[in-house]
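The primary structure of each chain is shown beneath.
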Amino acid sequence: MKTVQELHEYWCNPDNENKPEGYAKPIERSEYLLNLIKKYAKPDDEILELGCNIGRNLHCLYNAGFKNLSGVEISASAIEQMMVLYPELANLSVYNDAIENIIKELEDSRYGIVFAMAVLSSSDIYLSLYRVSITLMCGCLFFISSFSRLAIARTTFFSFILL
């Protein structure tokens, strides 16, 4: 098993299989995420993506009318490419650091929805999940997608529902 430091180094400089530009193409997962978020959020809700990479999901949400978006991404290269590929996202707050570092600094009860797609396995998941629950407003949702599985945590109950 790789250490957190090794995982951080990898995602800062991924191999060809995981280069940021490979995540630019629209895929069904982004549309699925959009439809799911539409069920639980209003367009003016604040939404945070953990591990936003090149910004494909944020772009999909932005185009659907969600404008209060933020992201966390460890790869400076991915963020640079996001600003070129999706210039309309230039005014969003995108934090360039590891999730477990940024999540400690975020304002409590700020976000209506926080989501991650196949990312938290490469972070200090327990610390991150606990801190994410504090940044969420009471009664809001946290989504985690792990390719074939989606978990929804309601912060009022701190329970997970696997879909």
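Residues numbered from 1 in each chain as written. Predicted model: local features only at pLDDT ≥ 70, side-chain atom pairs only at ≥ 80, totals over all residues. Heavy atoms only, no water.

Caption draft 1: Region of the structure containing the packing of helix H2 (residues 28-40) against helix H3 (residues 56-63). Two elements in contact, H2 and H3, have axes separated by 9 Å at closest approach and are oriented at 50 degrees. The angle between H2 and H3 falls in the class oblique. Crossing of H2 over H3 shows right-handed handedness. Contact residues: Ser 30, Glu 31, Leu 33, Leu 34 and Ile 37 in H2; Arg 56, Asn 57, Cys 60 and Leu 61 in H3. When the residues that make up the contact of H2 with H3 are grouped by side-chain class, the tally is 5 nonpolar, 2 polar and 2 charged. (Axes fitted to C-alpha atoms, helices over the stretch in contact; angles between N-to-C directions. Helix = DSSP H or I, 4+ residues; strand = E, 2+ residues; numbered from the N terminus. Parallel < 35°, antiparallel > 145°, perpendicular 65-115°, else oblique. Left-handed = near helix turned anticlockwise from the far one by under 90°. Contact = heavy atoms within 4.5 Å. Nonpolar A, V, L, I, M, F, W, Y, C, P; charged D, E, K, R; others polar.)

Caption draft 2: Local environment of the pairing of strand E3 (residues 93-96). With 4 bridges connecting them, strand E2 (residues 69-73) and E3 associate as parallel partners. Bridging across to E3, Val 72 finds its partner in Tyr 95. Crossover E2 to E3 through helix H4 (residues 76-85) is right-handed. (Pairing = 2+ DSSP bridges. Right-handed = clockwise from strand over helix to strand, strands pointing away.)

Caption draft 3: Highlighting the environment of Ile 113. With respect to the helices and strands, Ile 113 occurs in strand E4 (residues 111-117). Residue class for Ile 113 comes out buried when judged on its relative accessible area of 1%. For the pair Ile 113 and Leu 69, spaced 44 residues apart in sequence, the C-alpha separation works out to 9.8 Å. (Buried < 20%, exposed > 50% of the residue type's maximum accessible area, 1.4 Å probe, protein only.)

Caption draft 4: Focus on the pattern of salt bridges. According to the stated counting rule, one finds 1 salt bridge in the structure shown. The salt bridge involving Asp 45 is made with Lys 42; its shortest N-O contact spans 3.7 Å. Classification of Asp 45 by relative accessible area gives buried; the value is 14%. (Salt bridge = Lys/Arg side-chain N within 4 Å of Asp/Glu carboxyl O.)

Caption draft 5: A look at the side chain of Ser 75. Structurally, the position occupied by Ser 75 is in the loop between E2 and H4. Polar contacts involving the side chain of Ser 75 include one to the main-chain amide nitrogen of Ala 78, which spans 3.1 Å. (Polar contact = N/O pair within 3.5 Å; in protein donor to acceptor, adjacent residues only side chain to side chain.)

Caption draft 6: Just the environment of Glu 21, in detail. Of note, Glu 21 is situated in the loop between helix H1 (4-12) and H2. Measuring from C-alpha to C-alpha, the distance between Glu 21 and Ile 54 comes to 7.1 Å, with 33 residues separating the pair along the chain. Contact partners of Glu 21, with chain neighbours within four places excluded, come to Ile 54 and Gln 81.

Caption draft 7: Broad picture of the nonpolar core. Counting 23 residues, the largest nonpolar core has Ile 37, Ile 47, Leu 61, Phe 66, Leu 69, Leu 89 and Phe 115 as the members making the most contacts within it. Elements represented by at least two residues in this core include exactly H2, H3, H4 and E4. Of the residues forming this core, the biggest block, 4 residues, is contributed by H3. Counting residues in each nonpolar core, the second largest holds 10 residues, with Leu 48, Val 72, Tyr 111 and Val 114 among its members. (Core = buried A, V, L, I, M, F, W, Y, C linked by side-chain atoms within 4.5 Å.)

Keep in mind these numbers describe shape, not what the thing actually does.
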